[in-house]
Amino acid sequence: MSEQRRSALEQEWLGGQWPHLLLLPLCFMIVTPALWVLKMALRPSQSFDLSLNPFPTVLSAQNFTDIINEPLFFTQIFNSLWVSALTTLIGVFFSCTAAYALSRYRFPGRRAGLNAFLVTQMFPGTLMMIPLYQVIDALGLLDHVAGLVLVYSTTAIPFCVWNLKGYFDTIPRELEESALVDGAGPFTLFWRIIIPLSRPALAVTALFSFMTAWNEYILAATFMSDERAYTYPVRLQQYVGEYSTEWGHFAAGATLVSLPVMLLFFILQKHLVGGLTSGGVKG
Amino acid sequence: MIDQVKSLTPTTPRADRGYVGVIITMAISLFLGGLSLHRGLGAHYQASSEASLERIMSASSTSALSSDITSRLEVRVLTPKERGLPASLTTLIDTSDGHHLASAEDKPWFDAYWRNQNRWRGAKGGLWAASPASINTKDRSTLGQRRIARLTPRSPPPLPWLSLMLGGLFSLLFALLACAKVHQGWRLAALTPLSMTPLGLSLFWEISKAEVSTQQSLEGATLIPIIAMVPLVILGLSQSITEGRRSAHRVAYTYMAPTLVSVGLLVFIPFSIGVALAFMRHSHGHFEWVGLSHFINILSASDYPLSHPLNFYFTLAVTLFWTFSNVLLHTSIGLSFALLLNREGLKLRGLYRALLIIPWAIPNYITALIWKGMFNQQYGLINQLLERLGIEPVSWMGSFWGAMTANITTNTWLGFPFMMVVTLGALQSIPTDLYEAADIAGASRWQTFRSITLPLLKPALLPAVILGSVWTFNMFNIIYLVSGGQPGGATDILITEAYRWAFEQDRYGYAAAYSLVIFFILLGYARLTQRLSKAAEEVYQ
């Protein structure tokens, strides 16, 4: 009896673990390009030619010290950080109340509002870019981080509204009803119940709006012409642009830029898509 | 009579009249009014400078000019020491004081002399005018004297904050008063825009002051107050509509207000300008109304044959192919990985998942540049790999299919993790007793997958697929950075094409029209999918 069970277990275990045979090589294939970047960053050379072996053979910090010692490195990184932080702040702050209203109240114009926010996701970047260029030029904000913050916020806010609304929809209403019975007002409900409950959602939304700004290249390259106003991606692209091919420096910069985002991704990976998909279906 | 009775018994309590909305809207009006006044005055002073320069060039002496202009004006009459010499050998003399142009400060004047133009704008915004040139364009030698004038631009006028603020304050008082005392919708709708009067008066006052000082009428002067009035008209209308219902939905609207104002300013205004641009032609800073001609041009695609990369329908076909193949690959690969990872009792699941979302976490412009390097003909790894396998190296960017393969590979690599994570989440929400029931009923694996897993995945997958296809449709970075449209713009998709029209050809109007067409295609697609997902929901409920 017990022997039978053990063999059944063994069989099940073997049957359950066969995906490793597929997953191991596939994962390896998928991670390889990222490993190549790391390898390029860690060897003191500027050419691209690599061997097929993705693991670093030399360990040198030369590329990293090179790019950090550039005169404008900290200015540009700071620009990037500043733009991203402000975009995140505006994105989350201006969208969380609206997301709450859209999730909890039925009022005239709700559907129209929801659709309008969804429609902005379909705006081709160029449609907004041309007028924004004119507006920012008119405001005298070309070559100024504030201009970029304005531009990034146009995409960040509608996205945050949808993402947060999706999360708020999943919070059971009973919680609020019982709080109402206890005599809480609408604002207490929002600040004391909804916001603390949706911390992971807020974190993910903040991460996404941070990423829109942190990872954005083309708008920054179009709107900024002064080197001191560049965000870091613009500088990074120049390493392998038309006039130079400093792959080592590029890889080192790419590693520096990607690592913080990757870290946040791993921390928040369980919450990454909850709001998006649940928000999408219910409308 | 009935109206009077109604106004005596207000339906909403005093506190609910929406004063905050009035204040915010008035602030926006003030901002728009100030901005357009600033721009208007700037353009006006520029135009008046140009006009006075014309007068200087036609007049023989500068004595009749106002002191404001003479203080900013410099006139020189330049003549070469020896005629007929090429530019590099000529010494120029200022005939008015016999001064030789030799120092570095004289460099702009030296350059101005050799310029084959009569009017132009200098580097620092200065206006230049010169009498007609008699320059031999072949060897850049000259024959004669030129009278050259430079007008330093008047520093942009400071905004008249005080009068604007005063006007705005009185306008705000009127609007608040109207809001508090008037109860009928139509009267409120009429009175709110009327409360603009003080602000409008202060704007006109500033405009007329500028007109007096330059002795010239300001172009488009009436437009400035009209722009400032638009938000108030909208406010009046919305006040009259929500009147009566407002108290019931007060909280909801209060929550919506900050977002609506910011979205209105950041999204709606640029969008409207973009739409307006689509009907205009842009050349050298001037916009000219051209009606529907851009759209007709794009949609009739008469300028290029159908197989030409710049033909709209060709690009559209490429874009559709690009979107479809990417979404198909993203979904199938993501789904496969999710199914593999979701097996019960699988070890190291967390590690696999963490490794597989790496491509998503790397900024996509970095991914694009790396893959561009990998597809390089000489040093790229892909060709190295092919060589190991005994296949000739391929010039990836040289052919349409090669470049498209590079683009799609890159985008697939960075895009599938999103689908995988979506599917994993959805798989975990499927109740296990459904599978147990299927097991008892003796269903095969494939049957279980088809009749339980797939239908239950649909509500989560469908929106992800829709969102993914919209993102892919507008995926600028990959196309722009990996293939860059090579060969010859063939792999450009609609969005990169629009970018090129705008920022490489400077045809803003055409590019805006192009973008608007893209927008309508996506809107149509969204309506279609909305119907599809509704139908799907009905089937499974």
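Located above this text is the structure these notes cover.
For clarity, every value in this text was computed on a predicted model and none was experimentally measured.

Conventions adopted
Residues numbered from 1 in each chain as written. Chains lettered and ligands numbered in written order. Predicted model: local features only at pLDDT ≥ 70, side-chain atom pairs only at ≥ 80, totals over all residues. Heavy atoms only, no water. Helix = DSSP H or I, 4+ residues; strand = E, 2+ residues; numbered from the N terminus. Buried < 20%, exposed > 50% of the residue type's maximum accessible area, 1.4 Å probe, protein only. Phe/Tyr/Trp six-rings, centres within 6.5 Å; stacked < 30°, edge-to-face > 60°. Axes fitted to C-alpha atoms, helices over the stretch in contact; angles between N-to-C directions. Parallel < 35°, antiparallel > 145°, perpendicular 65-115°, else oblique. Left-handed = near helix turned anticlockwise from the far one by under 90°. Contact = heavy atoms within 4.5 Å. Nonpolar A, V, L, I, M, F, W, Y, C, P; charged D, E, K, R; others polar. 1 Å grid on protein atoms, 1.4 Å probe; cavity = no way out; pocket = protein on both sides within 12 Å on 5 of 7 lines; lining within 4 Å. Points joined across faces, edges and corners; volume = space filled by probe spheres on them.

A.B. asks: Before we go on, may I ask you to explain the environment of L264(A) in this structure?
C.D. replies: Residue and element names in this part refer to chain A. One can find L264 in helix α13 (residues 247-268). Residue classification places L264 among the partly exposed positions, given a relative accessible area of 36%. Residues L264 and A203, 61 residues apart in the sequence, show an inter-C-alpha distance of 9.4 Å.

A.B. asks: What is the right way to look at the packing of aromatic side chains in this model?
C.D. replies: Two descriptors summarise a pair of aromatic rings, namely the distance from one centre to the other and the angle between the planes of the rings. Summed over all chains, the structure comprises 38 aromatic pairs over all chains. On the basis of an interplanar angle of 80° and a centroid distance of 5.4 Å, the ring pair of F73(A) and Y232(A) is categorised as edge-to-face. Residue F73(A) is located in helix α4 (residues 73-104), and its partner Y232(A) is located in helix α12 (residues 232-239); the two are separated by 159 residues in the primary sequence. Taken individually, F73(A) and Y232(A) each receive the classification buried, so the pair is uniform in this respect. Aromatic side chains F271(B) and F519(B) sit 5.6 Å apart centroid to centroid with 70° between the ring planes, which places their arrangement in the edge-to-face category. Separated by 248 residues along the polypeptide, F271(B) in helix α9 (residues 250-277) and F519(B) in helix α21 (residues 508-539) bring together distant segments of the chain. Overall, F519(B) belongs to the buried group, its relative accessible area being 5%.

A.B. asks: I would appreciate a short explanation of the packing of helix α5 (residues 161-181) of chain B against helix α7 (residues 197-214) of chain B in the present structure.
C.D. replies: Between two packed helices, what matters for the description is the angle formed by their axes and the separation of those axes. Residues and elements named next belong to chain B. Running from N to C, α5 and α7 point in directions that differ by 160°, and their axes come no closer than 6 Å. With respect to α7, the axis of α5 lies roughly antiparallel. Crossing handedness for the pair α5 and α7: right-handed. Seen from α5, the contacting residues are S163, L164, G167, G168, F170, S171 and F174; seen from α7, they are T197, P198, L199, S202, L203 and E206. For the contact of α5 with α7, the residue count by class is six nonpolar, six polar and one charged.

A.B. asks: Honestly, empty space enclosed by the protein in this entry has me stumped. Any pointers?
C.D. replies: Empty space left among the atoms is revealed by rolling a probe the size of a water molecule over them. Evaluated as defined, the whole model comprises three cavities of 30 Å³ or more. Estimates place the volume of the largest cavity at around 1,400 Å³. Lining the largest cavity are 45 residues; nearest its centre among them are T212(A), N364(B), W471(B), N474(B) and M475(B). Among the secondary structure elements, those contributing two or more residues to the lining of the largest cavity are α6 (125-138), α7 (145-170), α10 (199-214) and α11 (218-223) of chain A together with α13 (358-361), α16 (400-428), α18 (445-473) and α19 (476-483) of chain B.

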